[in-house]
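Working through the structure, step by step
Spelled out from the first residue to the last, the chains are:
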Amino acid sequence: MKINRDNRVVILVICIILICIVASLGFKTHGEVEEIVQEQFNEQQLLLARQAALGIAGFADERVTSIEILARDRSSDEITNLTPCFKTIYEETSGFYSIEFIDTNGVVVYGYPEYLAPIGYDLYAENRSSAFDSARDLRKTKISSPTPLFGGGLGSFIWVPVYEGENFRGVILGIIQMSTITERFLAPIMQNRTGYVYMIDSKGLSLYDGARSEVIGENYIKMLGENQSGWRDIIEKQMNGSEGTAVYLKEGDESKSEQIVAFAPVRWRNKIWSVAISVPVSEVDNLIRSVYAKQMIFLGTVIAIILCGSLGLIVMFSRWNKTLEAEVQSKTGDMIRMNKELVLANERLKELDKLKSDFVSMVSHELKTPLTAMRTSAQVLGLADAGKETKREMLDIILRNIDRQTNLVNDLLDLSRIESGRMELKFERLSLDSLIADSIESVKQAASVEGIKLDVELPESLASVKGDREKLTQVVINLLNNAIKFTPRSGEIIIKARELNGQVEVKVSDTGIGIPTEDLDSVFNKFYQVDSTLTREAGGTGLGLAICKGIIEAHRGRIWAESELGKGSTFIFRLEKWSD
Ligand code: ADP
C-alpha cells in the first residue's frame, strides 16, 4: 500500500511541474505573440498597398507608351485620320475614356469614341492650353493632374506631341478614366474586410476613397479639421511619396477609433500618387485574440494530455502494485503452506523414527522370546533324567516357537511387499462361500479349544469376486484368529456374507472385548495394538490387520471395523463383484 501511495505522489508532483512549465511557457510567449502579430499585420497591409501601387503605375504607363508609339513620326497625310488606330488602341487596351487628336491650333479635330470626342473644342478659346503648349514646346509627353470629365468622374490627361521631323503636327490626347484604375486595383483590396482604401495625388487631391465616394476630387488637406493632425501628417508623408505604416485617431460623427494606415507611392512618369489602406486597430486586436484563443486551446489540450497521462500512469501503477501484492501474498501463502508441510513432514519423520525404534524393540522382543523358550526347552531336553513325557512337551514348545517365529518373519515379509508394491496377486474368479468354509476349517480347532461358538450365515447363492484365493483366505483367517484371540471363553463368532450394490460384503463379528472408538481406524496401522490388559496377554505383533488392509486395498476393496467396547467387534470388508 505504501509503494502505491508513493508512486501516486511522485506522478502527481511530475504532473504539476509539467503543467507549471507549460503554463509559464504559454505566458512568456503571450507578450511576444502580440508584438509579432502586430508587426506582421502592418507588413501585410504595406505589402497590399505596394502591390496596388505597382499595379496602377504599370497599368497607366502601358497606356502612355501605347499612345507614344502611335504618335511617333507621323506624316501630315497620316494625321488627317488616326481614328482606326485610336479605335484599335481603345478596344485592345481597356482603361481609356477617349483618344483625341488636337491640331496645331489647339482644336479637337477628331477622336474615338466619336460621341465622347468634343470635336471643335478650342483649347485656346477655353483657356485650357497650358498642357498642350507644354507638350508641344518640350516635345515630350505631358501628364496633367486628374481633372473632372464631361461624362462625370475623374480622368487623367496624357498629352503626346506629334512631330514630323521638326514640324509640329498636333497632339494626341489620351484620357484615362480614374474609376477604371481604382476599380481594378483598389476596390478588390477591401473585399470582405473592415477598413477602406484611398488614393491621393501629390497635392492631396482625392483620386479614390473607398469609404466616401463623395470626397473624390476634393483635397484632403483642406477637408481635414484642426483636430485631425495625425491623419494630416500621414497625408503629407503620402504627398512626399513616402512609404510606411502609421496610426492615427479617426474622429467620426459619434465615436473615435484608432486606425492603422499603410501607404505606398504610385510612381508614374513625373507623377507621384499614393495608395493607402486604412484599417481599425480593433481588427488587429481581433486577430491577436484569435491567436490567443488558439494558444489557449493548445495549452488546454497539452494540460489535458498531461493530466490524462498522469491519471493513466497512476491507474497503471495501482494495477501493477495490486498484481505485485497478490503475487507476494500468494508466494507468502505458498511459503506458509510449504512450512506447514515441512513441519508435518518433520513430525512424520519423527513418528517414523519412533515406529522404527518400536519396531526394532518389538521385533527383537518377538524374536528373543521364542528363542529363550526354545533354549530352555533344549536345555531340559539335554538333561539325562528328563522323562519321556517331559521331552515330548519340550519338543512341542520348540516346534510352537519355531512356528511363531516363522509367522512373524512371514508377516514382516508380507508387509514389506505390500508397502513396496511388490505383492503379486493371482487373480481368479472366486466363490467366497468356499473360501470362508476353508478358513473356518483352519481355525475351528482353536475356537473349540477356547470354547467359542463359530457360526456362518451365508445366502443361498453368493456372487463370485475377482481375487487371489490365498491372500483373501489369509485375510479371513486373520480376522477369525483375532476374533478368537480377543473373545473370552463361551463367546460367539459369526461370519456373514452378502451381496450389496454390486459388491460382496464379508462381516466377522465377535462378542469379545471390543475396541475403543478412537482406536477403530488405528488398529489397521502396522504395529498398532490397543493398549489393554487382554491385548498384552494375547500377545501378537500388530501386523495382521495392516496386512489385511494392504491385501483388500490391492483388490480395490475397503476394510473397516465397528465395535462397542466390552460387547464385541465387527470387521467388515467389501470387494467388487465378478463381472464378465
Ligand atoms: P495383533 O493381533 O498381532 O496384535 P493385529 O494387527 O491383528 O495385530 O491387531 C491389532 C490390534 O487390534 C490388536 O492388538 C487388538 O488390540 C486389536 N484387535 C484386533 N482384532 C480385535 C478383535 N476382534 N477384538 C478386539 N480387539 C481387536
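All figures in this text were calculated on a predicted structure; none of them were measured in a lab. Every chain is numbered on its own, with residues counted from 1 as its sequence reads. Selection of residues for local features in this predicted model requires a pLDDT of at least 70, selection of side-chain atom pairs for listing and counting requires 80 or more, and totals for whole chains, interfaces and linings are taken over all residues. Hydrogens and waters are ignored; side-chain quantities use all the structure's heavy atoms.

1. Things to note about the overall build of the protein
Note the threshold: Each helix is a run of DSSP H or I of at least 4 residues and each strand a run of E of at least 2, with the numbering of both proceeding from the N terminus. The globule rule is 2.2 Å times the number of residues to the power 0.38, and the radius of gyration it is compared with is taken over C-alpha atoms. Only heavy atoms matter for contacts: two residues are in contact if any of them lie within 4.5 Å across the pair. Throughout, the Shrake-Rupley method with a 1.4 Å probe supplies accessible areas, and for residues the shown protein chains are the sole cover considered. All tallies of charge rest on Lys and Arg as positive and Asp and Glu as negative; His and the ends of each chain are not included. Charge placement uses NZ in Lys and CZ in Arg. For Asp and Glu, CG and CD serve respectively.
Secondary structure summary: the protein contains 12 helices and 17 strands in total. Taken over the C-alpha trace, the protein has a radius of gyration of 68 Å; the compact-globule value for 580 residues is 25 Å, which it surpasses by more than 25%. Across its three principal directions, the C-alpha atoms of the protein cover 200 × 55 × 45 Å. When contacts within the protein are restricted to residue pairs at least 6 apart in sequence, those whose partners lie at least 24 apart make up 61%. As displayed, the protein offers around 33,000 Å² of accessible surface, 54% of which is attributable to carbon and sulfur atoms. Both charge centroids of the protein, one from 67 positive and one from 80 negative side chains, sit 7 Å from each other.

2. Focus: the confidence of the model for the protein
How we decide: A score between 0 and 100, pLDDT records how confident the predictor is in each residue.
On average, residues of the protein score 88 in pLDDT, and 97% of them reach the 70 mark or higher. Considering each helix and strand of the protein separately, the mean pLDDT is smallest for helix α11 (residues 533-538), with a value of 60, and largest for strand β17 (residues 568-576), with 97.

3. Some thoughts on the packing of aromatic side chains
Aromatic rings considered in pairs are described by the distance between their centres and by the relative angle of their planes. To be explicit about the condition: Between rings of Phe, Tyr and Trp, where Trp is taken as its six-membered ring, a pair exists when centres lie within 6.5 Å; planes separated by under 30 degrees are stacked, by over 60 edge-to-face, and by other angles tilted. Burial status follows relative accessibility: with a 1.4 Å probe on protein chains alone, a residue under 20% of its type maximum counts as buried, one over 50% as exposed, and anything between as partly exposed. Charges are assigned to positions over rings by a cutoff of 6 Å between ring centre and Lys NZ or Arg CZ, combined with an angular limit of 35 degrees from the ring normal.
Throughout the structure, instances matching the rule amount to 16 aromatic pairs. Measuring from centroid to centroid gives 6.3 Å for Phe 157 and Trp 159, while their planes differ by 25°, and the two rings are stacked. Here Phe 157 and Trp 159 have matching classes, each one buried. Members of the aromatic cluster, connected to one another through ring pairs, are Tyr 196, Tyr 198, Tyr 220, Trp 231 and Tyr 248. The cationic tip of Arg 139 hangs over the ring face of Tyr 163; the distance from NZ or CZ to the ring centre is 4.1 Å. Over the ring of Phe 427 we find Lys 466, and its NZ or CZ is 5.3 Å from the ring centre.

4. Some details on helix α6 (residues 229-239)
Heads up, the rule is: To be clear, the arc concerns the directions from the helix axis to the C-beta atoms.
All buried positions along α6 are accounted for by Trp 231, Ile 234, Ile 235 and Gln 238. The arc enclosing the buried residues of α6, seen along the axis, measures out at 100°, which places them on a common side. Contact partners of the buried residues in α6: β6 (196-200), α5 (220-223), β8 (244-251), β9 (256-268) and β10 (271-280). Backbone geometry just downstream of α6 places Gly 241 in the positive-phi region, at approximately 85°.

5. Considering the domain arrangement of the protein
We apply this condition: Domain start and stop points were drawn from an automatic or database domain assignment. Reported buried area values correspond to the accessible surface (1.4 Å probe) lost by two parts on association, with both partners' losses combined. One side-chain nitrogen of Lys or Arg within 4 Å of one carboxyl oxygen of Asp or Glu is enough to make a salt bridge. The residue classification treats Ala, Val, Leu, Ile, Met, Phe, Trp, Tyr, Cys and Pro as nonpolar and Asp, Glu, Lys and Arg as charged. All others, Gly included, are polar.
Under the domain assignment, the protein is made up of domain 1 (14-290), domain 2 (364-420) and domain 3 (428-576). For domain 2 and domain 3, the distance between their C-alpha centres works out to 26 Å. Tallying the contact residues gives 8 residues for domain 2 and 9 residues for domain 3. Both sides of the domain 2 and domain 3 interface together cover about 760 Å² of buried area, and 66% of this is carbon and sulfur. Interface area lost by domain 2 to domain 3 is led by Asp 411, Leu 415 and Ile 418, which between them contribute 54%. Across the domain 2-domain 3 interface, the total number found is 1 salt bridge. Close ionic contact of Lys 526 with Glu 419 constitutes a salt bridge, the shortest N to O distance being 2.5 Å. When residues of the side of domain 2 that touches domain 3 are assigned to their parent elements, the largest contribution, 7 residues, is made by helix α8 (residues 388-420). Broken down by class, the residue content of the side of domain 2 that touches domain 3 amounts to 4 nonpolar, no polar and 4 charged.

6. Overview of the site of the ligand
In plain terms, the rule: Only a single heavy atom is needed: when it lies within 4 Å of a molecule or strand, its residue is near that molecule or strand. Identification of polar contacts relies on pairs of N or O atoms within 3.5 Å, with a donor-acceptor requirement for protein atoms, meaning one able to donate a hydrogen and the other able to accept it, and with residues adjacent in sequence counted only if both atoms are side-chain atoms.
In the vicinity of the ligand, 22 residues are found, and the nearest of them are Asn 482, Lys 485, Gln 529, Thr 541 and Leu 545. Lys 485 is positioned with one of its side-chain polar atoms (N or O) 2.8 Å from an oxygen atom of the ligand. Between the ligand and Leu 545 there is a distance of 2.8 Å, counted from an oxygen atom to a backbone nitrogen or oxygen. Computed on the free molecule, the ligand has an accessible area of 520 Å², of which 97% lies beneath the protein chains in the complex. Broken down by secondary-structure element, the contributors of at least two residues to the shell around the ligand are α10 (469-485), α12 (544-554) and β17. When residues in the shell around the ligand are grouped by element, the largest group, 3 residues, is from α10.

7. Some remarks on unusual backbone geometry
Trans is the prevailing form of peptide bonds, just as negative phi is the prevailing case for residues other than glycine. For the peptide bond that leads from Tyr 112 to Pro 113, omega is -5°, which places it in the cis range. Topologically, Pro 113 is positioned in the loop between β2 (108-112) and α3 (130-138). A positive phi angle, near 60°, is found at Ser 490, a position not held by glycine. Counting through the fold element by element, Ser 490 comes out in the loop between α10 and β14 (492-500). Here Ser 490 falls in the exposed class, since its relative accessible area comes to 67%. Of note in the backbone geometry, Phe 527 takes a positive phi value of approximately 65° without being a glycine. Counting through the fold element by element, Phe 527 comes out in the loop between β15 (503-510) and α11.

8. Section: the nonpolar core
So the rule is basically this: Nonpolar core, defined: a set of buried Ala, Val, Leu, Ile, Met, Phe, Trp, Tyr and Cys residues in which side-chain atoms within 4.5 Å join the residues together.
Formed by 52 residues in total, the largest nonpolar core has its most connected members in Phe 86, Ile 172, Leu 186, Met 199, Trp 273 and Val 275. At 14 residues, the largest contribution of residues to this core is made by helix α1 (residues 2-71). One finds Phe 527, Ile 547, Ile 551 and Ile 559 within the second-largest nonpolar core, a separate group that totals 48 residues.

9. Things to note about the side chain of His 555
Structurally, the position occupied by His 555 is in the loop between α12 and β16 (558-564). Here the side chain of His 555 touches Ile 551 through a polar contact of 2.9 Å, landing on its backbone oxygen. Those residues in contact with His 555 that sit more than four places away from it in its chain are Leu 425, Phe 427, Lys 466, Gly 467, Asp 468, Leu 472 and Leu 575.

10. Remarks on a negative patch on the surface
The test is simple: Like charges within 9 Å and nonpolar side chains (Val, Leu, Ile, Met, Phe, Trp, Tyr) within 5 Å are joined into patches, using only residues over 30% in relative accessible area that form no salt bridge.
On the surface, Glu 34, Glu 35, Glu 39, Glu 43, Glu 258 and Asp 285 cluster together to form a negatively charged patch. Examining the composition of the negative patch, we find that 4 residues originate from one element, α1, more than from any other. Looking at the secondary structure, you find Glu 39 in helix α1.

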